[in-house]
Amino acid sequence: MRDAVLRLLAPVRRRRQWQFALRALSLGVALGALACAALILAHRVLGRSPGPQAAWAALLAGPVVAGLIGLARRPSWQSIAALVDDCCRLHDRTAAALEFSAKAATSDFEQLQVRDAVRQLTTIRPVDVAPVRFPRE
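What counts and how
Residues numbered from 1 in each chain as written. Predicted model: local features only at pLDDT ≥ 70, side-chain atom pairs only at ≥ 80, totals over all residues. Heavy atoms only, no water. Helix = DSSP H or I, 4+ residues; strand = E, 2+ residues; numbered from the N terminus. Rg over C-alpha atoms; globule rule 2.2 N^0.38 Å. Expected span 1.5 Å × (residues − 1). Buried < 20%, exposed > 50% of the residue type's maximum accessible area, 1.4 Å probe, protein only. Salt bridge = Lys/Arg side-chain N within 4 Å of Asp/Glu carboxyl O. Axes fitted to C-alpha atoms, helices over the stretch in contact; angles between N-to-C directions. Parallel < 35°, antiparallel > 145°, perpendicular 65-115°, else oblique. Left-handed = near helix turned anticlockwise from the far one by under 90°. Contact = heavy atoms within 4.5 Å. Nonpolar A, V, L, I, M, F, W, Y, C, P; charged D, E, K, R; others polar. Lys, Arg positive; Asp, Glu negative; His and termini not counted.

Undergrad: Mind showing me how you'd approach the overall build of the protein chain here?
TA: Helix and strand counts for the protein chain stand at six helices and zero strands. Of the regular secondary structure in the protein chain, the N- to C-terminal order runs α-α-α-α-α-α. Radius of gyration (C-alpha) of the protein chain: 22 Å, far over the 14 Å computed for a compact globule of 137 residues. Reported as C-alpha extents along the three principal axes, the dimensions of the protein chain are approximately 75 × 30 × 20 Å.

Undergrad: Sorry if this is basic, but what is going on with helix 5 (residues 108–121) here?
TA: What sets the pattern is the α-helix's 3.6 residues per turn: residues three or four places apart point alike. Along its 14 residues, helix 5 runs 20 Å from first to last C-alpha, staying within 8% of the 20 Å computed at 1.5 Å per residue. When we look at burial in helix 5, the residues that qualify are Glu110, Val114, Asp116, Ala117, Val118, Gln120 and Leu121.

Undergrad: Sorry if this is basic, but what is going on with the pattern of salt bridges here?
TA: Any two side chains of opposite charge can pair, on the condition that their charged atoms come close. In the structure shown here, the tally under the stated rule is four salt bridges. The salt bridge partner of Asp116 is Arg119, with a shortest N-O separation of 2.6 Å. Taken together, the residues span about one helical turn, with Asp116 and Arg119 both in helix 5 at a distance of three residues. For Asp116, a relative accessible area of 17% gives the class buried. Here the salt bridges do not stand alone but share partners, grouping Arg93, Asp116 and Arg119 into one network.

Undergrad: What is the right way to read the environment of Leu34 from this model?
TA: Following the sequence through the fold, Leu34 ends up in helix 1 (residues 2–46). We classify Leu34 as exposed; its relative accessible area is 59%. Each C-alpha atom of the pair Leu34 and Arg125 lies 38 Å from the other, and the pair is 91 residues apart in sequence.

Undergrad: So what exactly am I meant to see when it comes to the packing of helix 1 against helix 4 (residues 93–101) here?
TA: Any two packed helices are characterised by the angle at which their axes cross and by the distance between the axes. Packing of helix 1 against helix 4 leaves a shortest axis separation of 9 Å and a crossing angle of 140°. Here helix 4 runs oblique to helix 1, going by the angle between their axes. For the element pair helix 1 and helix 4, the recorded crossing hand is left-handed. Together, Arg2, Val5, Leu6 and Leu9 of helix 1 and Thr94, Ala97, Leu98 and Ser101 of helix 4 make up the contact between the two elements. Residues of the contact of helix 1 with helix 4, tallied by class, amount to five nonpolar, two polar and one charged.

Undergrad: Just checking my understanding: could you explain the environment of Gln113 for this structure?
TA: Mapped onto the elements of the fold, Gln113 is located in helix 5. The exposure class of Gln113 is partly exposed, given its relative accessible area of 26%. Once residues within four sequence positions are removed from consideration, Gln113 is found in contact with Ala97 and Phe100.

Undergrad: In this structure, what is going on with the side chain of Arg13? I would like to understand it.
TA: Examined against the element boundaries, Arg13 turns out to sit in helix 1. We note that Arg13 is buried and unpaired, the nearest opposite charge coming from Asp3 at a distance of 12 Å. Discounting chain neighbours no more than four positions away, the residues touching Arg13 are Arg74, Pro75, Trp77 and Ile80.

Right, dumping it as structure tokens:
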């Protein structure tokens, strides 16, 4: 039963991970530009600094490093279940099913809850739950 719940939540988890990566990428662009500006300013004012090559490296490294960090961050299954419950108004069905399906021995009521959650999860669209687009910030 747990495999069915995780299989249905996996596309949402992947999209959520891409959301994190895009948000980190945009932050990396801003931080890289700030570091680049600081290095160029230091070069012009002080005359001695790592130079324009370091400024270009900072400008490029910021988004690359931040994007990789964003991709490496994996959201937990519990947070994905809570997101699905919230977006699709499932009233904690998914979170409960995830918790119940992790147990070694489940009652009939818990099995019924898991089956109901799986039925509900087959109707959701991952695009609606976790749209992948560049952040507005």
